[in-house]
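Fold and geometry: a report
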Amino acid sequence: MQIISTIQELVYARTQWSGPIGFVPTMGYLHEGHLALYRQARTENKTLVGSIFVNPIQFAPHEDLNRYPRNLAHDLSTLESLGVDVVFTPSVAEMYPSGFTTYVVPEGPLATQAEGATRPNHFRGVATVVLKLFQLVRPDTVYFGQKDAQQTAVITRMIQDFNLPIALHALPTIREDDGLAMSSRNSYLTVSQRHAATVLYQALQTGRLAIEADPHSHPEEIVQTMKNVLARESEIRLDYIEIRDANTFLTLETLQPPALLLIAAWIGKTRLIDNFVLQANGTWNTGQFTEHAASHM
Ligand code: PAF
């Protein structure tokens, strides 16, 4: 596995690769959710490229950039064991040299509602770094997790808007055996917070069951039912529970698929997000349990 930390080296290396080229961008501290993306990408590409870069411009000043978990040595050995060919691990100065001026600014509900409302410059930071990475790696296919549903929708839209010759594969959320969605930020949780965090999954399950029981119910009723579940857990502070169109992120007056049940909540200083997708064909994408968890189901 080749580890590259400069743009100059990456641009040269790119001339040597044979296609198809798959690319999985990450901020590191890899968990089973990331590994599922790499495993899938490995089966579909000749050259598999990863990146590990904690992107400062997608964090607001009050957010967790400085304490964001990092373990580069462990990540690199994991990626090597998965058969990744190349990992790009640039420094901040390499990605944003002094004088850096140009940003990609997604607009409209897709970028300004839900996560975009709580984290106003977040998708500007994500779209900017992802476009830079796409320009450098020039992949055929990129892999993103459904857990970050809005990020995946923003990047899908950016690919369309800028006519990038890239296919995006969105893969299901990977869950711990009690339903908690895998996230690097789960490492912040204390034992009791980790226990409390399962209520996000429980609220989503309750929303799904309520919709299955009455597909004609008003989205606000479903949201209220889900809020009631979350309110049972005193350690949780709700940011939002919403039902939105999965492509546009507009709120829905009626439960029309494809729709997303979205949750964002604080547990202490940790902010977690999760979602279920009611897909266009009427089936649910609620994520997958890890192999370890599946054996206990
Ligand atoms: O999902 C992430 O890890 C990041 O937002 C991404 C896509 C690597 C951009 O920094």
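Preceding block: the structure.
Below, the structure is looked at part by part. In this convention, every chain numbers its residues from 1, walking through the sequence in written order. Note on the predicted model: pLDDT of at least 70 is required for a residue's local features to be given, and 80 or more for side-chain atom pairs to be given and counted; whole-chain, interface and lining totals, by contrast, use all residues. As a rule here, side-chain values cover all heavy atoms of the structure and leave hydrogens and water aside.

1. Re the site of the ligand
Think of it this way: one heavy atom of a residue within 4 Å of a molecule or strand is enough to make that residue near it. What surrounds the ligand is the set P25, T26, M27, N55, Q58, V129, V130, F144 and Q151. Polar contacts, as counted here, are pairs of nitrogen or oxygen atoms within 3.5 Å of one another; within protein the pair requires one atom able to donate a hydrogen and one able to accept it, and residues that are adjacent in sequence qualify only if both atoms are side-chain atoms. A distance of 2.6 Å is found between an oxygen atom of the ligand and a side-chain nitrogen or oxygen belonging to Q58. Between the ligand and the protein, one listed contact pairs an oxygen atom with a side-chain N or O atom of Q151 at 2.7 Å. Using a 1.4 Å probe, accessible areas were evaluated by the Shrake-Rupley method; residue-level cover was limited to the displayed protein chains. In isolation the ligand exposes 290 Å². Once the protein is present, 89% of that is buried. Strands are runs of DSSP state E lasting at least 2 residues, helices are runs of H or I lasting at least 4, and numbering of each runs from the N terminus. Where the shell around the ligand is concerned, the elements lending two or more residues are β2 (21–26) and α7 (122–137). Its residues assigned to classes, the shell around the ligand comprises five nonpolar, four polar and no charged. Side-chain classes are defined by residue name, with Ala, Val, Leu, Ile, Met, Phe, Trp, Tyr, Cys and Pro counting as nonpolar, Asp, Glu, Lys and Arg as charged, and the others, Gly among them, as polar.

2. Some points on the pairing of strand β10 (residues 270–278)
The classification of residues rests on relative accessible area computed with a 1.4 Å probe and restricted to protein chains. Under 20% of the type maximum is buried, over 50% is exposed, and intermediate values are partly exposed. A large share of β10 lies buried, amounting to nine of its nine residues. Side chains T270, L272, D274, F276 and L278 project from β10 onto one buried face, and the interleaved R271, I273, N275 and V277 project onto a second face that is buried too. Note on pairing: two strands pair once DSSP finds at least 2 bridges between them. Two strands pair when backbone bridges link them, and strand β9 (residues 259–267) and β10 are joined in this way by nine bridges, in the antiparallel orientation. Bridging across to β10, A265 finds its partner in L272. Following β9, the chain reverses through two residues before pairing antiparallel with β10; G268 in that reversal takes a positive phi of roughly 60°. Where β10 and strand β11 (residues 284–285) come together, two bridges link them in antiparallel fashion. Residue pairing for β11: L278 is matched across the bridge by W284. Connecting β10 to the antiparallel partner β11 that follows it, the hairpin turn spans five residues, and G282 within it adopts a positive phi of roughly 90°.

3. Observations concerning the sheet that holds strand β4 (residues 86–88)
Read across the sheet, six strands follow the order β1-β4-β3-β2-β5-β6 without closing on themselves; strand pairing throughout is parallel. The sheet is open, and its two edges are formed by β1 (2–4) and β6 (167–171), each paired on a single side. For this sheet the average axis-to-axis angle between neighbouring strands, irrespective of direction, equals 25°. Note that β1 and β4 share three bridges and pair parallel. If you follow Q2 over to β4, its bridge partner there is V86. Here, residues are in contact when the closest pair of their heavy atoms is within 4.5 Å. All axes here are fitted lines through C-alpha atoms, helices being fitted over the stretch that makes contact, and every angle between N-to-C directions spans 0 to 180 degrees. This element, helix α1 (residues 7–14), spans β1, β2 and β4 of the sheet and lies at about 140° to β1. The sheet contacts of helix α8 (residues 149–161) involve β5 (141–145) and β6, and relative to β5 the element is tilted by about 155°.

4. Here's the deal with helix α3 (residues 72–81)
Residues of α3 that are buried: D75, L76, T78 and L79. Viewed along the axis of α3, the buried residues span an arc of 160°, placing them on a single side of the element. Exposed residues lying more than 90 degrees from the buried face of α3 are A73 and S81. Of the surrounding elements, those touching the buried residues of α3 are β1, α2 (32–44), β3 (47–52) and β4. Positive phi shows up at G83, right after α3, with a value of about 80°. What the arc covers is the set of directions going from the helix axis to the C-beta atoms.

5. A word on the sheet that holds β11
Strands sit in the order β8-β9-β10-β11 across an open sheet of four strands; the sheet is antiparallel. Lying at the two open borders of the sheet, with one neighbouring strand each, are β8 (236–245) and β11. Strand contacts of helix α10 (residues 198–213): β8, β9, β10 and β11, with the helix running at about 25° to β10, the strand carrying the most contacts. Here helix α11 (residues 219–231) sits on the sheet and contacts β8 and β9; the angle it forms with β8, its principal contact strand, is near 155°.

6. Thoughts on a negative patch on the surface
Only residues whose relative accessible area exceeds 30% and that form no salt bridge are eligible for patches; like-charged ones are grouped when within 9 Å, while nonpolar side chains (Val, Leu, Ile, Met, Phe, Trp, Tyr) are grouped when within 5 Å. Take a side-chain nitrogen of Lys or Arg and a carboxyl oxygen of Asp or Glu: if they are within 4 Å of each other, that pair is a salt bridge. Note on charges: Lys and Arg go in the positive column, Asp and Glu in the negative column, and His and the chain ends are not counted at all. For the purpose of locating charges, the reference atoms are NZ of Lys, CZ of Arg, CG of Asp and CD of Glu. A contiguous patch of negative charge, built from D214, E220, E221 and E253, is present on the exposed surface. Position of E220 relative to the elements: it lies in helix α11. Since its relative accessible area comes to 61%, E220 is described here as exposed.

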